[in-house]
Amino acid sequence: MRPTFPKYISLAASLVLILIPSQSFAADKLSATQLIDLARSKGAGLHDGITATFSGKDLKEGTAWAGHGADFFFATEAASKPALFIDGGAGPQMQKLADSNLWYASARVEPVGKLHAFYYKVNGAKFGGRLDMPAFGPLSYLQPGVPSGTLSDKLIHTSKIYDGLQSEYWIYVPAQYDPKTPAALMVFQDGGGYISRDGNNPTLNVIDNLMAQKKIPVMICVFINPGDIGGSAGTATYNQAKAYSDKWQRTVKDSMRSILYDTVSDRYDRFLKDEILAEVSAKYNIRKDGYSRGITGLSSGGICSFNAAWQMPDQFTRVISWIGSYASIQWKEDPAVADGGQDYPEKVLHESKRNIRVWLQDGSEDLENQYGNWPFANLRMANALKFKGYDFHLSFGKGTHNSGHGAAEFPEEMTWLWRGYDPAKTTQVYEMDPAEKDKPPFRTMGLNREN
């Protein structure tokens, strides 16, 4: 895949100066827009704005940045002038704050809706930077006139399938929801990470904007966190999580997340269907057909989402998987479960084809550890899906094990996932996107080695 390099321009020379009283921002964490405005005004409050917004660690290590749309602000500490590079190209000149070792620059980074990267050079040596810098497009910010729905308070469910597991979840009801008309459904794993409109994953803004544009159907969204088994010591599920925790030196809560998400079985899917969604359906009119249901997650939540559609395509047919952990994390941990996540490419190739639509996302700097290689696993998944004629898409970049890439592209992902949706239907045979059919399988190069 040929990389596309963004355009950037310095803001310093092109923007009209706006005077902002420095005291109004004292000790408050600022947005990228506020920092840029302060830099334009050359106000005395810029120093305090930078130090209040970024941690001392990020400033010292050259990893501090803030963005809004295409507008970005960079700041770092350095004894001599750093040179900023954006996506490998020379960026705008860094400016020094008087009587300090703080340097800053403003830039426009394009295209939006994509992932970008930056780093510095100080005295010719590479320094700091990030590989995961999303430039959110307009659809990631709630647009004027677009109605917003209601996010419920945090709800708590106590499971029977996972004997005593307590799970937090939230229900989002869009403004367009009419109880007389059954709504589509989208389920988010690690759901608490998706519910802030101003967070790293501004999902609610995207949902509202796309519904207003009729690019996706009216849908109820369920955001569910991995459950906590800590209050049910002595149960079979607790003992399973504790044994895994002791074996792999992970906390019991983190081990429970892995058991829920990484296990290749239908247990979590039954938990969703028979417990969580049964509760949600008791309150709201939700469509029961898998054609009208999507599911998503990142990392272990990514394989969990694919697994749900694989095990129960009558319940979920639309999948978005970010940095999915198609790795051996739960392989042979439960004697009753023969497969591990690393087996999914072969399962796709050799088992009966499921009628599902799948968007995969990963980056070349994703994880490599005792469980496997995440980038290779996602490439294997993509090629297996392609060979079997699935309706799939792989978005592969240069990022790490981070949500930035997936979040930046979320409007595009949701539009692709729900394309052609017809509320009059309850089923559709998914066929590979014509844009994918003529493309070759994915190949790799050893870019980090000379030979």
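Our subject is the structure that appears above.
Predicted model only: the values in this text are computed from it and were never measured. (Residues numbered from 1 in each chain as written. Predicted model: local features only at pLDDT ≥ 70, side-chain atom pairs only at ≥ 80, totals over all residues. Heavy atoms only, no water.)

Attention now goes to the packing of helix H1 (residues 32–41) against helix H2 (residues 46–53). Running from N to C, H1 and H2 point in directions that differ by 160°, and their axes come no closer than 9 Å. One element, H1, and the other, H2, form an angle in the roughly antiparallel class. With respect to the hand of their crossing, H1 and H2 are arranged in left-handed fashion. Together, Leu35, Leu38 and Ala39 of H1 and Leu46, Gly49, Ile50 and Thr53 of H2 make up the contact between the two elements. Partitioning the contact of H1 with H2 into residue classes produces 5 nonpolar, 2 polar and no charged. (Axes fitted to C-alpha atoms, helices over the stretch in contact; angles between N-to-C directions. Helix = DSSP H or I, 4+ residues; strand = E, 2+ residues; numbered from the N terminus. Parallel < 35°, antiparallel > 145°, perpendicular 65-115°, else oblique. Left-handed = near helix turned anticlockwise from the far one by under 90°. Contact = heavy atoms within 4.5 Å. Nonpolar A, V, L, I, M, F, W, Y, C, P; charged D, E, K, R; others polar.)

Among the structural elements, Gly302 can be located in helix H8 (residues 300–311). Gly302 sits in the buried class, given a relative accessible area of 0%. Remark: the alpha-carbon pair of Gly302 and Phe188, spanning 114 residues in sequence, is separated by 9.7 Å. When sequence neighbours within four positions are dropped, the list of residues in contact with Gly302 reads Gly297, Ser321, Trp322, Gly324 and Tyr326. (Buried < 20%, exposed > 50% of the residue type's maximum accessible area, 1.4 Å probe, protein only.)

With that settled, the discussion passes to the packing of helix H5 (residues 236–248) against helix H6 (residues 252–262). Closest axis-to-axis distance for the H5/H6 pair is 8 Å, and the angle between their directions is 110°. Considered as vectors, H5 and H6 are oriented roughly perpendicular to each other. Here Thr237, Tyr238, Gln240, Ala241, Lys242, Tyr244 and Ser245 of H5 lie close against H6, whose contacting residues are Val252, Ser255, Met256, Ser258 and Ile259.

Of all hydrophobic cores here, the largest spans 56 residues; its most connected members are Val187, Tyr268, Phe306 and Phe316. In this structure, Tyr268 is in contact with Tyr162, Gln189, Ile224, Leu260, Tyr261 and Cys304, ignoring residues within four places of it in sequence. Counting residues in hydrophobic clusters, the runner-up holds 32 residues, among them Ala184, Ile207, Trp359 and Trp418. (Core = buried A, V, L, I, M, F, W, Y, C linked by side-chain atoms within 4.5 Å.)

Now for the packing of aromatic side chains. Scanning the model with the defined rule gives 25 aromatic pairs in all. Consider the rings of Phe85 and Tyr119, whose centres lie 5.1 Å apart with planes at 10°: the pair is stacked. Residue Phe85 is located in strand E4 (residues 82–86), and its partner Tyr119 is located in strand E8 (residues 114–122); the two are separated by 34 residues in the primary sequence. Note on Phe85: relative accessible area 16%, which makes it buried. Both rings, one in Tyr120 and one in Phe127, keep their centres 6.3 Å apart while their planes meet at 40°; by these two values the pair is tilted. Taken together, the ring pairs connect Trp65, Phe72, Phe74, Phe118, Tyr120 and Phe127 into an aromatic cluster. The ring of Tyr119 has Lys126 sitting right over it, with the charged end atom 4.4 Å from the ring centre. Over the ring of Trp416 we find Arg357, and its NZ or CZ is 5.9 Å from the ring centre. (Phe/Tyr/Trp six-rings, centres within 6.5 Å; stacked < 30°, edge-to-face > 60°. Lys NZ or Arg CZ within 6 Å of the ring centre and 35° of its normal.)

Any functional reading would require information beyond the geometric quantities listed.
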